[in-house]
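Observations on the model geometry
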Amino acid sequence: MKLVAAKVPVSTVWTAPDAPRDIDAPAIAAQPDMAAWAKSMDTETRLGLHGRTLTQLLFAEPVLVRSERDGWSEIVAPWQPSSQDPLGYPGWVPSSHLGELPEAASDPVAVAVPTAPLFAEPGAGAFAELSFATVLASVEHADGYTRVATPDGGSGWLADDVLRSGPGTAEDRLRLGSQFLGLEYLWGGTSAYGLDCSGLVHAVSRVLGLRTPRDAHDQAGTLENIPIDEAQPGDLYFFARPGKEVHHVGFVSPEGMLHASETGKRLENEPVSDERRATLVSAARL
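Every value quoted in this text rests on a predicted model; they were computed, and no experiment measured them. (Residues numbered from 1 in each chain as written. Predicted model: local features only at pLDDT ≥ 70, side-chain atom pairs only at ≥ 80, totals over all residues. Heavy atoms only, no water.)

Our focus in this paragraph is the packing of helix α4 (residues 170-178) against helix α5 (residues 197-207). Their axes nearest at 10 Å, the elements α4 and α5 cross at an angle of 120°. With respect to α5, the axis of α4 lies oblique. In terms of crossing hand, the pair formed by α4 and α5 is right-handed. Between α4 and α5, the residues in contact are Arg173, Leu176 and Gly177 and Leu200, Val204 and Val207, respectively. Along the lines of polarity and charge, the residues of the contact of α4 with α5 split into four nonpolar, one polar and one charged. (Axes fitted to C-alpha atoms, helices over the stretch in contact; angles between N-to-C directions. Helix = DSSP H or I, 4+ residues; strand = E, 2+ residues; numbered from the N terminus. Parallel < 35°, antiparallel > 145°, perpendicular 65-115°, else oblique. Left-handed = near helix turned anticlockwise from the far one by under 90°. Contact = heavy atoms within 4.5 Å. Nonpolar A, V, L, I, M, F, W, Y, C, P; charged D, E, K, R; others polar.)

Next up, the structure:
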C-alpha cells in the first residue's frame, strides 16, 4: 500500500468503480463540481445513492491505496475510523483525485466556515474552494493569512478568519453545526455540499481536533457513553430500532436536536419527536 492524499477539494468515496450513475459525472470528474452535482439531484436520485456512496475525502486528507484498476483506486481513509477496516474507511475513488502527500509541518488548522477560497498569494488568485472540516498543516503566518502545505509539493494561503485550531466547547460544536441549517441531506456526505447524520458529527469533530468514527453505530460504540437523562447540549443522541444497530445520531441542543435527518429533508434543529424518541437508545459525550 502507498500513502497519498486527496488533491481535489472533495472526493466522494464509492462502493465500486461502476457505482456512479450518469448523473454523478460532476462528482467523479478530474476536477469535481460538487455544487453542480448536489444541485442536479432531486430526492429520488439522492435516494439512489444508497449502496453507491460511502463517505467523502477532503482536500489533503491522507489515503492508503490498496489497488488500482481502470482509473480507480481502492483506498482506506485513516482519518475516518471504521469497524469495517482497522486501517480506516474503505472504498473506491477516481485515481485522478489523488496526489502526493503535503510536506510535513506542525500546527494543523481546519476550515471552520462552509467554504473558503485557497489563494496562490495572500488575498489574490484563488485557485480552489475548500470545504468545511478541511485540515491542513500551517507553514507560516503573515498579515492575517496562513500559508498551508498542499498536495503534490505545493502551498496556498487561507485567511485567518476562516480557520480554527484546537479543541472547543459544547457551544462551539452547536455553532459550527448550525452553519448548515437548511442544507440538503446527502448519503455519505461529510462536506459543505451535503452531510449525512454521522457526517455532521464527524466533520464538526474534525474541525475541533477530534477524530471520531465515521458511521453512527461506530460513534455509539466508541465514544464515552453517558445516561440519556444526563445529556447536555453539545452531547450526542443515538437512535436504533429494536434488535438493530444504531442508524442515526444528532447533537443534543437546547431546542432538542441538531441533526441531518434523512434523504429528502434538510439539516434541522428541532424538538425530538415522539416517534424519534421511541428509538432513542443511548447518549455520548465528545
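Turning next to the layout of surface pockets. Over the atoms a probe the size of a water molecule is rolled, and this reveals where empty space is left. Roughly 860 Å³ of internal volume is contained in the largest pocket. Lining the largest pocket are 36 residues, with Tyr185, Cys197, His247, His248 and Ser261 sitting closest to its centre. When residues of the lining of the largest pocket are traced back to their parent elements, those giving at least two are β3 (53-58), α5, α6 (216-222), β20 (256-259), β21 (268-270) and α7 (274-277). The space that makes up the second largest pocket amounts to roughly 450 Å³. For the lining of the second largest pocket, the elements supplying multiple residues, two or more each, are β8 (108-111), β11 (135-142) and α5. By residue class, the composition of the lining of the second largest pocket is 17 nonpolar, four polar and four charged. (1 Å grid on protein atoms, 1.4 Å probe; cavity = no way out; pocket = protein on both sides within 12 Å on 5 of 7 lines; lining within 4 Å. Points joined across faces, edges and corners; volume = space filled by probe spheres on them.)

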